[in-house]
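# Overview (structure and organization)
One letter stands for each residue in the lines below.
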Amino acid sequence: MAEATPIRPLSVDQVLSWDHEADVVIAGYGIAGVSAAIEAARAGADVLVLERTSGWGGAAALAGGFIYLGGGTPLQQALGFEDSPENMKAFMMAALGPGADEEKITDYCNGSVEHYNWLVDNGVPFKESFYGQPGWETPYDDGLMYSGGENAAPFNTVATPAPRGHVPQMSGKRTGEKGGGYMLMKPLVETAESLGVRHEYDMRVQRLIVDGDKVVGIVAKHYGKELAIRARTGVVLATGSFAYNKEMVQSFAPQLIGKPGASIEEHDGKSIQMAQAIGADLAHMDATEVAFFGDPQLMVRGILVNARGQRYVNEDTYPGRIGQETLLRNGNQAYLIIDEAAYEEGSAADSSTPFFRFQPKWVAETVEELESEMGLPAGTLQATVEVYNRHAANGEDPVLGKKAEWCKPIGSPVAALDLRNFTAGFTLGGLRTTINSEVLHVNGEPIPGLYAAGRCTSGVCAGGYASGTSLGDGSFYGRRAGISAAKG
């Protein structure tokens, strides 16, 4: 084949020979890729997956494993939680905006119960157990948890709270190393292989191959050698976000510059650039999720203040929302104010993130002394604590709406944990797609032969986030991509 220049598409008439062929060629063997592979194979297609690393899994296999599902799944019902597609939609539209894609969210909510059943039918295990403590994820093998702040202000007034963080059952989980996401991926990969799905590892996709305006293949590198892979009916892009593409982050999501990526290094945005090169449209490229390195069991028992000594978020909400509020709207400045009794109680509670339990940097007998030691403007922290304590004595938080069970006056001695710059993030924007996972051209029309799913697309999240929406819409729309690509 002809010498290739990365990104720019290659015309099919320049391809001298095909190194691999399949009906459906999928780039990426994470959650979106494996879901696409299963459905394409079940639709009768010959399927080939190209994976950049030496094995399946992607970011999904390292994730906590939340899949955001609701509308009345069998697990929700078994554990006594009522939900409906309409209720789920009300929350998602409020929490995942501004600019959330109503058509996609409506579609996702209406299909959520069926998608849960599809996962179970493909071997993904869920334990009938609910974890109701504050946390990034359950430290045990519970199957259901609040994962988006559904039961916290302001969203608990928008929709009836229902937990939708469905977690595959797995023992011996290690956060960030081998989480519940592994038990999501493993049975799905086994299902794909049982259906005859083929894979080629250590394949770095470079650019698309086109016949006129139709995508007919992919150029990939295998240990430095360029290969041409033909897709007879469709190409599916499922290679993840652009969190580790420094130039793209600088251009689209500068708030993440210099922050660690809460993702994997393979998320380099290559699929987005390849599709852009043939006119693909983009959406919500500035949107980011933000992880906050604070232990929720401590945060709910204290108050978070910014550099002005003021509270800025209810501490019992989804910690990803705390991260967004901290980085995007408070200059990445955060301190946790907590008294000794609350600190000891929180430190003794169960947690999946005990490594986020930091020692206080400042300790004092009074808030006035603490404020002075921290270097905050005189009177600011005192005023904040005075107002908080006045209402917390009655189990209330009229300022930010923290739930009554966590509203207790801050006593003495009092401490502050220095949580400044304790954030990391990943990008949420990407290729604009239809509910059938067709990649849209900037002219508004689908690009023939090209489909995409997962974090390389703009999914149900347009700004806000809930844990499980990446694995949720990645698998949901990965399935759609596989079906669409098989039809061609």
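What counts as what
- Residues numbered from 1 in each chain as written.
- Predicted model: local features only at pLDDT ≥ 70, side-chain atom pairs only at ≥ 80, totals over all residues.
- Heavy atoms only, no water.
- UniProt positions renumbered as here; feature names shortened; annotations may be inferred.
- Helix = DSSP H or I, 4+ residues; strand = E, 2+ residues; numbered from the N terminus.
- Rg over C-alpha atoms; globule rule 2.2 N^0.38 Å.
- Buried < 20%, exposed > 50% of the residue type's maximum accessible area, 1.4 Å probe, protein only.
- Contact = heavy atoms within 4.5 Å.
- Areas by Shrake-Rupley, 256 points an atom, 1.4 Å probe, with all protein chains shown as cover.
- Axes fitted to C-alpha atoms, helices over the stretch in contact; angles between N-to-C directions.
- Parallel < 35°, antiparallel > 145°, perpendicular 65-115°, else oblique.
- Nonpolar A, V, L, I, M, F, W, Y, C, P; charged D, E, K, R; others polar.
- Core = buried A, V, L, I, M, F, W, Y, C linked by side-chain atoms within 4.5 Å.
- Pairing = 2+ DSSP bridges.
- Salt bridge = Lys/Arg side-chain N within 4 Å of Asp/Glu carboxyl O.
- Expected span 1.5 Å × (residues − 1).
- Phe/Tyr/Trp six-rings, centres within 6.5 Å; stacked < 30°, edge-to-face > 60°.

In the annotation of an unreviewed UniProt entry, the protein is listed under the name FAD-dependent oxidoreductase and assigned to Rhodococcus kronopolitis. Per its UniProt entry, the protein bears the Cofactor (unreviewed entry) comment "FAD".

### Examining the overall build of the protein
From N to C terminus, the protein includes 14 helices and 21 strands. Taking 23 Å as the expected radius of gyration for a compact globule of 488 residues, we find that the protein reaches 24 Å, a close match to that expectation. Overall, the protein is about 80 × 45 × 40 Å in size when its C-alpha atoms are taken along their principal axes. Here the protein holds 488 residues, and the buried ones make up 59% of them. Counted over contacts in the protein with a minimum sequence separation of 6, partners at least 24 positions apart contribute 74%. Looking at the protein as shown, the accessible area adds up to about 18,000 Å², and 48% of this sits on carbon and sulfur atoms.

### Looking at the packing of helix H5 (residues 112–121) against helix H14 (residues 469–487)
It is at 11 Å that the axes of H5 and H14 come closest, and there the two elements cross at 85 degrees. With respect to H14, the element H5 is oriented roughly perpendicular. Here H5 contributes Ser112, Glu114, His115 and Trp118 to the contact with H14, which in turn contributes Gly472, Ser475, Phe476 and Arg479. Here the residues of the contact of H5 with H14 sort into two nonpolar, four polar and two charged.

### Here we look at the nonpolar core
One finds Val47 and Met92 to be the most contacted residues of the largest nonpolar core, which totals 83 residues. For this core, the element with the most residues is helix H1 (residues 31–42), which contributes eight residues. In this structure Val47 touches Ala22, Val24, Ile26, Ala37, Ala40, Ala41, Val197 and Arg198, once residues within four positions along its chain are discounted. With 36 residues, the next largest nonpolar core counts Ile218, Leu282, Leu327 and Ile447 among its residues.

### Details of the sheet that holds strand E5 (residues 130–131)
The sheet built from four strands is open, its strands ordered E4-E7-E6-E5 with mixed pairing. Looking at the sheet topology across the chains shown, the edges are occupied by strand E4 (67–68) and E5.

### Details of the pattern of salt bridges
Pairing is possible between side chains that carry opposite charge, provided their charged atoms lie close to one another. In this structure the tally under the stated criterion is 24 salt bridges. Between Arg232 and Glu21 there is a salt bridge, and its shortest N-O distance comes to 3.1 Å. You can see Arg232 sitting in strand E11 (residues 225–237) and its partner Glu21 sitting in strand E2 (residues 20–27), a full 211 residues away along the chain. Among the residues examined, Arg232 registers a relative accessible area of 34% and is labelled partly exposed. Overall, the relative accessible area of 30% leaves Glu21 in the partly exposed class.

### Topic: the pairing of strand E18 (residues 423–427)
Along E18, five of the five residues are buried, which leaves the element largely enclosed by surrounding structure. Burial of E18 is two-sided: the residues Thr423, Gly425 and Thr427 facing one way and the residues Ala424 and Phe426 facing the other way are all buried. Relative to E18, strand E13 (residues 288–292) runs antiparallel, the two being bridged by five bridges. What sits directly across from Glu289, in E18, is Phe426.

### Here's the deal with H1
Look at H1: 17 Å from first C-alpha to last across twelve residues, which is about the 16 Å you get at 1.5 Å a residue. Burial runs high along H1: eleven of the twelve residues are buried. Every buried residue of H1 is listed here: Ile31, Ala32, Gly33, Val34, Ser35, Ala36, Ala37, Ile38, Glu39, Ala40 and Ala41. Buried-residue contacts for H1 involve E2, strand E3 (47–50), H5, helix H6 (180–194), E11 and H14. One or two steps after H1, the chain reaches Gly44, where phi turns positive at roughly 100 degrees.

### As for the packing of aromatic side chains
The tally for this structure, following the rule as stated, stands at 17 aromatic pairs. Ring geometry for Tyr116 and Phe126: centres 5.1 Å apart, planes at 35 degrees, overall tilted. Taken as a pair, Tyr116 in helix H5 and Phe126 in the loop between H5 and E5 lie far apart in primary sequence, ten residues in all. Taking the relative accessible area as the measure of exposure, Phe126 reaches 13% and is therefore buried. Relative to Tyr318, the ring of Trp136 has its centre 6.1 Å away and its plane inclined at 75 degrees; by these criteria the two rings are edge-to-face. Taken together, the residues Trp136 in the loop between E5 and strand E6 (144–145) and Tyr318 in the loop between strand E14 (303–305) and helix H10 (319–329) connect sequence positions 182 residues apart.

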